[in-house]
Amino acid sequence: MQVLRLRDVIHKTGLGRSSIYKFSGQGLFPRPITLGGMSVGWTTKRIDQWIVERVRERESVPDNTEYTTPWAVTIGKGNIRQTDLQILRIKQVIELTGLARATVYKYIHEREFPLPVSLVGASVGWLRAEIEYWLACCAEESSDESLDEPEAQSEAA
């Protein structure tokens, strides 16, 4: 069993410190375990399970069924994850993709970009694995296009 400290939970979920404690107290986020004294932590399993539940809600997929999202993240039966799960907030998505906020939401509306998952309250985030898969698909499409037009490139040179 691996225990995550607060900074690791913040990094993995994209939530802030106060949100984690607030929603944990309301039962909307896993409660921390006491490590001794005032030290607390969260098990990786419970945090991953919480993220998987958010994905299942987004996709309307029942528990105990294996499911692969349109962006290649597989969730096994019983909320077992197949990939390392990390939630990115919009600023991190913008940094990773180089897209503007409006462009991200435009692509979401056009169903050309991974949908965000609802976290807690009004907070949303994106799975890092889905964003990385989307970027890989974009790179693959770009390299396929350049292979289709080798004569045009050599003539221009």
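Provided above is the structure to which this section pertains.
Now for a look at the structure at hand. Treat the numbers as computed from the prediction; the structure is a model and nothing was measured. As a convention, each chain's residues are numbered from 1 in the sequence order in which they are written. Only residues with pLDDT of at least 70 are given local features in this predicted model, and only at 80 or more are side-chain atom pairs given and counted; all residues enter the totals for whole chains, interfaces and linings. Only hydrogens and water are set aside when side-chain values are computed; all heavy atoms of the structure are taken into account.

### Considering the packing of aromatic side chains
The geometry of two aromatic rings is summed up by the distance between their centres and the angle between their planes.
For step 1, the next point in the chain: We call Phe, Tyr and Trp rings a pair once their centres come within 6.5 Å, taking the six-membered ring for Trp, and we label the pair stacked below 30 degrees between planes, edge-to-face above 60, and tilted otherwise. For the structure on display, the rule yields 5 aromatic pairs.
For step 2, the next point in the chain: Between tyrosine 105 and tryptophan 126, the ring centres sit 6.1 Å apart and the planes meet at 65 degrees, which makes this aromatic pair edge-to-face. Of this pair, tyrosine 105 sits in helix H5 (residues 101-109) while tryptophan 126 sits in strand S8 (residues 124-127), placing them 21 residues apart in sequence.
For step 3, the next point in the chain: Working definition: with a 1.4 Å probe on protein chains only, accessible area under 20% of the residue-type maximum means buried, over 50% means exposed, and in between means partly exposed. You can call tyrosine 105 partly exposed: its relative accessible area is 36%.
For step 4, the next point in the chain: A relative accessible area of 1% places tryptophan 126 in the buried class.
For step 5, the next point in the chain: Relative to tryptophan 134, the ring of tyrosine 107 lies with its centre 6.4 Å away and its plane at 45 degrees, an arrangement referred to as tilted. You can see tyrosine 107 sitting in helix H5 and its partner tryptophan 134 sitting in helix H6 (residues 128-148), a full 27 residues away along the chain.
For step 6, the next point in the chain: The class for tyrosine 107 is partly exposed, based on a relative accessible area of 23%. A helix here means a DSSP run of H or I that spans at least four residues, while a strand means a run of E at least two residues long, and both kinds are numbered starting from the N terminus.

### Examining the pattern of salt bridges
For step 1, the next point in the chain: When a carboxyl oxygen of Asp or Glu lies within 4 Å of a side-chain nitrogen of Lys or Arg, that pair is called a salt bridge. In the structure shown here, the tally under the stated rule is 6 salt bridges.
For step 2, the next point in the chain: Note that arginine 58 is salt-bridged to glutamate 130, the shortest N-O span being 2.7 Å. Separated by 72 residues along the polypeptide, arginine 58 in helix H3 (residues 44-59) and glutamate 130 in helix H6 bring together distant segments of the chain. Neither residue differs from the other here; arginine 58 and glutamate 130 are each classed as buried.
For step 3, the next point in the chain: For the salt bridge of glutamate 132 with arginine 128, the shortest nitrogen-to-oxygen distance reads 3.1 Å. Within this pair, glutamate 132 and its partner arginine 128 are both found in helix H6, separated by 4 residues, close to a single helical turn.
For step 4, the next point in the chain: Here glutamate 132 falls in the partly exposed class, since its relative accessible area comes to 39%.
For step 5, the next point in the chain: Among the residues examined, arginine 128 registers a relative accessible area of 25% and is labelled partly exposed.
For step 6, the next point in the chain: Here the residues in one salt-bridge network are Arg58, Glu59 and Glu130, joined through shared partners.

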